[in-house]
Amino acid sequence: MIDLHDNRIFNTNPNDTADFGTYLSAGGFSALANALRQPPETALRELARSELRGRGGAAFPIALKIESVRQSQVTDRYIICNADEGEPGTFKDRFILTHSPFQVLEGIILAAYMSGATQGILYIRHEYPEVQQVMIQSIREAEAAGYLGEHILGSEFSLDLRIFSGAGSYLCGEETAMLASIEGKKGRPRLKPPYPTQAGLYGMPTLINNVETLANIPKILSKGADWFSHLGTESSRGTKLISLSGDVQNRGVFEVLFGTTLAEIIEKCGGGTHPGRSIKAINIGGASGVLIPPYLLDTPLDYNRCRKAGITIGSGALFVLDDTRSILDNVRNRVRFFLDESCGKCVPCREGLRQVNRLMDKFSDGLAELNDIETLDRYTRVMQRASFCGLGQAAGNSLSSSLAFYRDEYQAACQIKQQDSDEEGIA
């Protein structure tokens, strides 16, 4: 299922970088030139037929987002490309931006044309200075050649695109927190509705999509929706970029067809585990994703199939843990990450993470009791159900999944203290 032949959407060769001339010679910006010769609704209809879904985690149909912005009565509209790739274990957007920058730019321009946006922002995390320099130079080249700026390719359409450097907050990957950050406010999530497509940046209709999603658009419009929709599965069209890391022999960014099993990704892309080692767990979706056991590796990469199996695809990060790893240590690191990154706006996330972190320390120090497991379970459910934003709701995913699949490790940590108590009683 991994064999793509001529169906690749991305260049994942780390040794190849598409500069401006290379991109043009490969047909780059031809989709834009063709779209500008027709009404924006024509390109939007083709994109809708492709059934492209957002690749940032929510998997929302992108054509519906664009249509929502386009239908607004407000003509002052924005487009934002979310390159605030703060999810631990995720690095595919950085790769796209450094190796295929003009594919991303063409996707942004096309999405802006279809939505009617005339002002664009490429929000890049502060920790990506190399990416920022690459994109600054790429924007200059595109503007000089007439693909960006005023009257693009001699049309009536114009787009002013600029770079915005994030301030290093994980939470600003959440779209409403990102809007607050750009507006010069503290990066905290807003109540929805209204959604950004209705009232986003400075209260104006705003289209927000991540790098991988937007970079799909030029290929779809140049090769056609029929070509794209025949890739992948019925509920998950196209391909997915995977950030593969952890205890595998080959780490990196890989493009796979939807429908490829997790086992195939690990074996064919990652080369499997190191000699003499076996897989203990797989973290899929980054820190906000889930920990799953090896018997779920035959699950296809498909939004519906994964949801039924309790697996969150998220941004496509895949971290493999072999049999030398401690599940508790892994979860404890993720809890500390979220505790440090929480904006503190809502009690379930702020206080829940503090209490969960305290309990995880007890397990690590051999001081936990069996009832602490139930307490962890309860706190996690509260965070998932009552946190204000999606990031707070996902903060306990790795913990809840580890309690479901690796409860024996938590129990074993409690048994250490129980054994010590029994020995003291005998003495």
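How each quantity is defined
Residues numbered from 1 in each chain as written. Predicted model: local features only at pLDDT ≥ 70, side-chain atom pairs only at ≥ 80, totals over all residues. Heavy atoms only, no water. Helix = DSSP H or I, 4+ residues; strand = E, 2+ residues; numbered from the N terminus. Rg over C-alpha atoms; globule rule 2.2 N^0.38 Å. Buried < 20%, exposed > 50% of the residue type's maximum accessible area, 1.4 Å probe, protein only. Contact = heavy atoms within 4.5 Å. Areas by Shrake-Rupley, 256 points an atom, 1.4 Å probe, with all protein chains shown as cover. Core = buried A, V, L, I, M, F, W, Y, C linked by side-chain atoms within 4.5 Å. Pairing = 2+ DSSP bridges. Axes fitted to C-alpha atoms, helices over the stretch in contact; angles between N-to-C directions. Salt bridge = Lys/Arg side-chain N within 4 Å of Asp/Glu carboxyl O. Parallel < 35°, antiparallel > 145°, perpendicular 65-115°, else oblique. Left-handed = near helix turned anticlockwise from the far one by under 90°. Nonpolar A, V, L, I, M, F, W, Y, C, P; charged D, E, K, R; others polar. Polar contact = N/O pair within 3.5 Å; in protein donor to acceptor, adjacent residues only side chain to side chain.

Visitor: Can you walk me through the overall build of the protein in this structure?
Guide: What the protein contains, in helices and strands, is 18 helices and nine strands. Relative to its length of 427 residues, the protein is compact, with a C-alpha radius of gyration of 23 Å against a globular reference of 22 Å. Overall, the protein is about 90 × 45 × 35 Å in size when its C-alpha atoms are taken along their principal axes. A total of 427 residues make up the protein; the buried ones form 57% of that total. In the protein, 73% of the contacts between residues at least 6 apart in sequence involve partners at least 24 apart. Of the roughly 17900 Å² of accessible surface on the protein, a fraction of 49% belongs to carbon and sulfur atoms.

Visitor: Any chance you could explain the nonpolar core here in plain terms?
Guide: As a rule of thumb, soluble globular proteins bury nonpolar side chains together. The biggest cluster of nonpolar side chains holds 62 residues, and the ones touching the most others in it are I108, M114, L159 and I217. In this structure, I108 is in contact with I79, C81, L122, L159, L161 and L214, ignoring residues within four places of it in sequence.

Visitor: Looking at this structure, how should I read the sheet that holds strand β3 (residues 160-165)?
Guide: By way of backbone hydrogen bonds, the strands of a sheet pair with one another, either parallel or antiparallel. Spatially, the four strands line up as an open sheet ordered β3-β2-β1-β4, and their pairing is parallel. Either end of the sheet is taken by a strand with one partner, and the two such strands are β3 and β4 (206-210). Put simply, the sheet's adjacent strands are angled 20° from each other on average, direction ignored. Pairing analysis gives six bridges linking strand β2 (residues 119-124) to β3, with the strands arranged parallel. Following the sheet pairing, Q119 is matched in β3 by D160. The sheet contacts of helix α7 (residues 129-144) involve β2 and β3, and relative to β3 the element is tilted by about 170°.

Visitor: For this particular structure, what's the right way to read the pattern of salt bridges?
Guide: Two side chains that carry opposite charge are able to pair once their charged atoms sit near each other. Within this structure, the stated rule accounts for 26 salt bridges. Between R407 and E374 there is a salt bridge, with the nearest N and O atoms lying 2.9 Å from each other. With R407 in helix α18 (residues 407-426) and E374 in helix α15 (residues 370-386), the pair connects residues that are 33 residues apart, well separated along the chain. Given a relative accessible area of 22%, R407 falls into the partly exposed group. Since its relative accessible area comes to 45%, E374 is described here as partly exposed. Several salt bridges share partner residues, and in doing so they unite K65, E174, E175 and K192 into one network.

Visitor: Is there a simple way to think about the packing of helix α3 (residues 40-50) against helix α4 (residues 62-70) in this case?
Guide: Packed helices, taken two at a time, are described by their axes: the angle between them and the distance between them. Two elements in contact, α3 and α4, have axes separated by 8 Å at closest approach and are oriented at 150°. Relative to α4, the element α3 lies roughly antiparallel. Crossing hand, α3 versus α4: left-handed. Contact residues: α3 offers P40, E41, L44, L47 and A48, while α4 offers I62, A63, I66, E67 and R70. Tallied by class, residues from the contact of α3 with α4 come to seven nonpolar, no polar and three charged.

Visitor: I'm lost on the side chain of Q103 in this one. Help?
Guide: Its place among the elements puts Q103 in helix α6 (residues 101-115). There is a polar contact of 3.0 Å between the side chain of Q103 and the backbone oxygen of I9. Beyond its immediate stretch of four places on either side in the chain, Q103 contacts I9, F10, Y23, A215, P218 and K219.

Visitor: When you look at the environment of E127 in this model, what are you seeing that I'm missing?
Guide: Looking at the element boundaries, E127 is found in the loop between β2 and α7. Judged by relative accessible area, which is 39%, E127 ranks as partly exposed. Along the chain, E127 and F102 lie 25 residues apart, while their C-alpha atoms are 21 Å from each other.

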